[in-house]
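Chain by chain, the residues run as shown.
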Number of protein chains: 2
Amino acid sequence: MRTQVEDKLRQAISSGRFKPGQRLVERELCESIGVGRTSIREALRQLEAEGLITSYPHRGPVVSTITYEEAAQLYSVRALLESYAGKEFAENGTAQDIHTLNEAVAEFAEAAASGGGSRLIKAKTAFYDCLMQGSGNVFVKQMLTSLHNRVTLLRMTSMTQPGRLNHSVEEIKEIAAAITDRNGAKAAAACKYHIDMAAKVALDYLRKTSENDGD
Amino acid sequence: MRTQVEDKLRQAISSGRFKPGQRLVERELCESIGVGRTSIREALRQLEAEGLITSYPHRGPVVSTITYEEAAQLYSVRALLESYAGKEFAENGTAQDIHTLNEAVAEFAEAAASGGGSRLIKAKTAFYDCLMQGSGNVFVKQMLTSLHNRVTLLRMTSMTQPGRLNHSVEEIKEIAAAITDRNGAKAAAACKYHIDMAAKVALDYLRKTSENDGD
DNA sequence: TTCTTCGCTTTTGTCAGACAATCGGGTTGT
DNA sequence: ACAACCCGATTGTCTGACAAAAGCGAAGAA
């Protein structure tokens, strides 16, 4: 089914098996996944709408590249939306959602301590899923999901930076604490701080590598 | 070409020729537009990704319906994003963009005075295009475009409410004035106020009609 | 009568094959 | 060395085909 094709392609892009700028030839995808061109093309259109790939007329789709400025814009709007989500969560989230959030935070902290890579990613997405869910706004949820997918185009989760992970855990605990306290303003500030820190690390790294690319 | 099919369908939905909840049968679309099923299906997937239509497995796509709560959420996030766009525009927009914005406002005021329906819509979209353009953030632009498209699913632009139009013109002038003054906070407040007013009118109307539906 | 169950029709989801249009690169000629 | 040209590769689209599933109506049982 096409959603499975979508997921496979999405994962292939997120995991870096398809690198930004790489061309995606229909026929190759057909035989590599073992599915007809119809399904491939429809899945590609979906990913294109999500911004993960970019299609050029008669040249086909390529994995989207993201410039330094676009990355900065991405983190800006992500901070905006996640702050909003945190605030709404704190002010209007259900007790059940808060409970789930704290569990996700605990799991994330544990994963960070034990150092498991894939487990860490899973825990982080669980946390964000819960945060978006708790916001109670389906549009915010959709938009943040799309943004999160695109962040992976930057090819380095800011978590991989040494020392960043511990800070990240602390910041996330701060977010959960503010939400548990039903303190909307504090939750928003904590979310914004978290994203701004991640943005700083990511953009510094990006600037460094883009300088290398410029050589 | 499929972008033309997309535009046709989008327009058919926005103009209300396809009403929310209505089923979209592939074969009918094929013969009504005069294009193969391939193009239709790809266009439908695009619209689905934009949220204009919703597909149910083996039952096909229908024009998306939007509940009262979703409408409230839509206006909330729209206020958030447009405030941000206004603030960024005021603080970082180019003089050229500001000039274009003021021209769009003037055209909108003129269209409102002369009462031309389609001209009014065109002027309003021009204003918003300019506002989003001036924000300098491609993600905000994409998201707001998507939200604007979905607002039309509510089937009554809040502008059509009597008396609302004049207020709308004033509010938009306020936005442009704040941006021209390079006053970011004021621009954001003006944008938020504008959307909040539109939301109030739209949601009141929605509540009224949904009560009628409930009878 | 009303509820359940069965089968039929419609529509989707997917595939394979075909063909024109177009893009990029390599070749050829000067 | 440079320009024009031609050719292979790829996309965009159409057609026809078929299984699978959903909805509907009719038939049958309680």
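Residues numbered from 1 in each chain as written. Chains lettered and ligands numbered in written order. Predicted model: local features only at pLDDT ≥ 70, side-chain atom pairs only at ≥ 80, totals over all residues. Heavy atoms only, no water.

> Just checking my understanding: could you explain the overall build of chain A for this structure?
Looking only at helices and strands, one finds nine helices and two strands in chain A. Secondary structure elements in chain A, listed N-terminal to C-terminal, are α-α-α-β-β-α-α-α-α-α-α. Taking 215 residues into account, the globule formula puts the C-alpha radius of gyration at 17 Å, and chain A, at 18 Å, falls close to it. Reported as C-alpha extents along the three principal axes, the dimensions of chain A are approximately 55 × 45 × 30 Å. (Helix = DSSP H or I, 4+ residues; strand = E, 2+ residues; numbered from the N terminus. Rg over C-alpha atoms; globule rule 2.2 N^0.38 Å.)

> Quick question: what am I supposed to make of the protein's contact with DNA strand C here?
In the region of DNA strand C, 17 residues are neighbours, and Met1, Gly36 and Ser39 of chain A together with Arg27 and Arg37 of chain B sit closest. One of the side-chain N or O atoms of Arg37 of chain A is found 2.9 Å from a base nitrogen in DNA strand C. Among the elements of the structure, helix H3 (37–50) of chain A together with helix H2 (26–33) and helix H3 (37–50) of chain B are those that each provide at least two residues to the surface near DNA strand C. Classifying every residue of the surface near DNA strand C gives four nonpolar, six polar and seven charged. (Near = heavy atom within 4 Å. Polar contact = N/O pair within 3.5 Å; in protein donor to acceptor, adjacent residues only side chain to side chain. Nonpolar A, V, L, I, M, F, W, Y, C, P; charged D, E, K, R; others polar.)

> Sorry if this is basic, but what is going on with the protein's contact with DNA strand D here?
What surrounds DNA strand D is a group of 18 residues, the closest being Arg27 and Arg37 of chain A together with Met1, Arg37 and Ser39 of chain B. For DNA strand D, the backbone portion of the atoms within 4 Å of the protein, that is sugar and phosphate, comes to 71%. Glu26 of chain A is positioned with one of its backbone polar atoms (N or O) 3.3 Å from a phosphate oxygen of DNA strand D. Note that a base oxygen of DNA strand D is positioned 2.4 Å from one of the side-chain N or O atoms of Arg37 of chain A. Among the secondary structure elements, those contributing two or more residues to the surface near DNA strand D are helix H2 (26–33) and H3 of chain A together with H3 of chain B. No other element matches the three residues that H3 of chain B contributes to the surface near DNA strand D. Partitioning the surface near DNA strand D into residue classes produces four nonpolar, six polar and eight charged.

> Would you explain the environment of Met197 of chain A in this entry?
Residue and element names in this part refer to chain A. With respect to the helices, strands and loops of the structure, Met197 is situated in helix H9 (residues 184–214). Its relative accessible area of 25% is what places Met197 among the partly exposed residues. As for Met197 and Arg78, which are separated by 119 residues in sequence, their C-alpha atoms are 12 Å apart. Discounting residues that sit within four places of it in the chain, Met197 has contacts with Arg164 and Glu171. (Buried < 20%, exposed > 50% of the residue type's maximum accessible area, 1.4 Å probe, protein only. Contact = heavy atoms within 4.5 Å.)

> Looking at this model, I keep getting lost on the environment of Leu74 of chain B. Mind explaining?
Within the secondary structure, Leu74 of chain B is located in helix H4 (residues 68–92). Exposure remark for Leu74 of chain B: the relative accessible area of 0% places this residue in the buried category. Distance in space between the C-alpha atoms of Leu74 of chain B and Glu171 of chain B is 20 Å, their sequence separation being 97 residues. Leu74 of chain B has contacts with Phe139 of chain A together with Ile66, Leu147, Arg150 and Val151 of chain B, leaving out every residue within four places of it along the chain.

> Please explain the relation of the copies chain B and chain A as it appears in this structure.
Turning one copy of the chain about an axis and sliding it along that axis gives the other copy, so a rotation and a shift relate them. The transform that puts chain B on chain A rotates by 180° and translates by 0.0 Å along the axis, for an RMSD of 0.1 Å. In symmetry terms, the pair is related by a two-fold rotation axis. A shared interface surface links the copies, since 100% of the contact residues of chain B are contact residues in chain A too. (Least-squares fit on C-alpha atoms with pLDDT ≥ 70 in both.)

> What is the right way to look at the pairing of strand S2 (residues 60–63) of chain B in this model?
Residue and element names in this part refer to chain B. As judged from the four bridges shared by strand S1 (residues 53–56) and S2, these two strands associate in the antiparallel manner. In the strand pairing of S2, Ser55 is matched with Pro61. Following S1, the chain reverses through three residues before pairing antiparallel with S2; His58 in that reversal takes a positive phi of roughly 60°. (Pairing = 2+ DSSP bridges.)

> Could you clarify how one ought to interpret the packing of aromatic side chains in this entry?
Aromatic ring pairs: the centre-centre distance and the angle between the two ring planes describe each pair. Throughout the structure, instances matching the rule amount to two aromatic pairs over all chains. Between Phe127 of chain A and Tyr128 of chain A, the ring centres sit 5.3 Å apart and the planes meet at 65°, which makes this aromatic pair edge-to-face. Like Phe127 of chain A, the residue Tyr128 of chain A is buried in the burial classification. Here Arg17 of chain B stacks its cationic end above the ring of Phe18 of chain B, 5.7 Å away from the centre of that ring. (Phe/Tyr/Trp six-rings, centres within 6.5 Å; stacked < 30°, edge-to-face > 60°. Lys NZ or Arg CZ within 6 Å of the ring centre and 35° of its normal.)

Read these as layout, nothing more, since geometry by itself doesn't imply function.
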